[in-house]
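Structural overview
The chain contents come next:
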Amino acid sequence: TTELAAALAAGSTLRRLDLHECHCGADGAAALAEALTSGVALVSLDLSDNNIGDKSGLGSSGVSADAAVEALARCLRSSASLRELDLRLNGFDAVHLEELAAAAREGDGKRREPIELRL
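Note that the coordinates shown come from a computational prediction; the quantities given were computed from them, not determined experimentally.

A few words now on the overall build of the chain. The number of helices and strands found in the chain is four helices and four strands. Scanning the chain from its N terminus toward the C terminus, one meets helices and strands in the order α-β-α-β-α-β-α-β. Within the chain, buried positions represent 47% of all 119 residues.

Set out below in structure tokens:
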């Protein structure tokens, strides 16, 4: 997943990416979120059922769920292109869910449309 994130950050015209149940874990989610803050034109990202949250127990190799949520929240606040993000079935706790929902609501003024966030 980190290689995919690097390719996206290097300049991709990809608009939709479905990584449902790919076991990317917190590390992969954080890498993808960071790539999306660098001007990637991705409109829709499905990271559902990827073991990102603390309760899921699988996937990550060194990045905590907290760090992944922080990266995803930054992405939700700053991405000008992202319109859909699916994060269902990732074992997020209530604090993580609220942080992600707040970030989707807040934005940073770049977005013209709200983000459809599926938790």
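Having seen the structure, we can now continue with the description.
This part takes up the pattern of salt bridges. Using the criterion set out here, one finds eight salt bridges in the structure. For the salt bridge of E84 with R118, the shortest nitrogen-to-oxygen distance reads 3.9 Å. With E84 in strand β3 (residues 84-86) and R118 in strand β4 (residues 116-118), this pair connects stretches of sequence that are 34 residues apart. Among the residues examined, E84 registers a relative accessible area of 23% and is labelled partly exposed. A salt bridge links R118 to E116, with the shortest nitrogen-to-oxygen separation between them at 3.0 Å. Since its relative accessible area comes to 26%, R118 is described here as partly exposed. We classify E116 as partly exposed; its relative accessible area is 39%. Salt bridges sharing partners connect three or more residues here, namely R16, E84, D86, R88, E116 and R118.

Our focus in this paragraph is helix α2 (residues 25-36). Since there are 3.6 residues in each turn of an α-helix, residues three or four apart along the chain are aligned in direction. Here α2 is 12 residues long and its end C-alpha atoms lie 17 Å apart, about the 16 Å a rise of 1.5 Å per residue gives. Burial within α2 is extensive, with 11 of its 12 residues counted as buried. Looking at the buried side of α2, the elements it contacts are α1 (2-9), β1 (16-18), β2 (44-46) and α3 (65-78).

Our next topic: the state of the cysteines. Scanning the model with the defined rule gives zero disulfides in all. The structure places no disulfide on C22, whose sulfur is separated from the nearest cysteine sulfur, that of C24, by 7.1 Å.

This paragraph deals with the environment of E99. Checked against the element boundaries, E99 lands in helix α4 (residues 94-106). Among the residues examined, E99 registers a relative accessible area of 28% and is labelled partly exposed. Measuring from C-alpha to C-alpha, the distance between E99 and V69 comes to 7.7 Å, with 30 residues separating the pair along the chain. Beyond its immediate chain neighbours, meaning those up to four positions away, E99 contacts V69, E70 and A73.

This next bit is on the side chain of S79. Locating S79 in the fold gives a position in the loop between α3 and β3. Polar contacts involving the side chain of S79 include one to the main-chain amide nitrogen of S81, which spans 3.5 Å. Separated by 3.1 Å, the side chain of S79 and the backbone nitrogen of L82 make a polar contact.

Moving on, we come to the sheet that holds β4. Overall, parallel pairing links the four strands, which are arranged β1-β2-β3-β4 in an open sheet. Single-partner strands in this sheet number two, and they are β1 and β4. Averaged over all neighbouring strand pairs, the angle between strand axes comes to 5°, with direction disregarded. As judged from the three bridges shared by β3 and β4, these two strands associate in the parallel manner. Each residue of the ladder has a partner; that of L85, found in β4, is L117.

Calculation notes
- Residues numbered from 1 in each chain as written.
- Predicted model: local features only at pLDDT ≥ 70, side-chain atom pairs only at ≥ 80, totals over all residues.
- Heavy atoms only, no water.
- Helix = DSSP H or I, 4+ residues; strand = E, 2+ residues; numbered from the N terminus.
- Buried < 20%, exposed > 50% of the residue type's maximum accessible area, 1.4 Å probe, protein only.
- Salt bridge = Lys/Arg side-chain N within 4 Å of Asp/Glu carboxyl O.
- Expected span 1.5 Å × (residues − 1).
- Contact = heavy atoms within 4.5 Å.
- Disulfide = S-S within 2.5 Å.
- Polar contact = N/O pair within 3.5 Å; in protein donor to acceptor, adjacent residues only side chain to side chain.
- Pairing = 2+ DSSP bridges.
- Axes fitted to C-alpha atoms, helices over the stretch in contact; angles between N-to-C directions.

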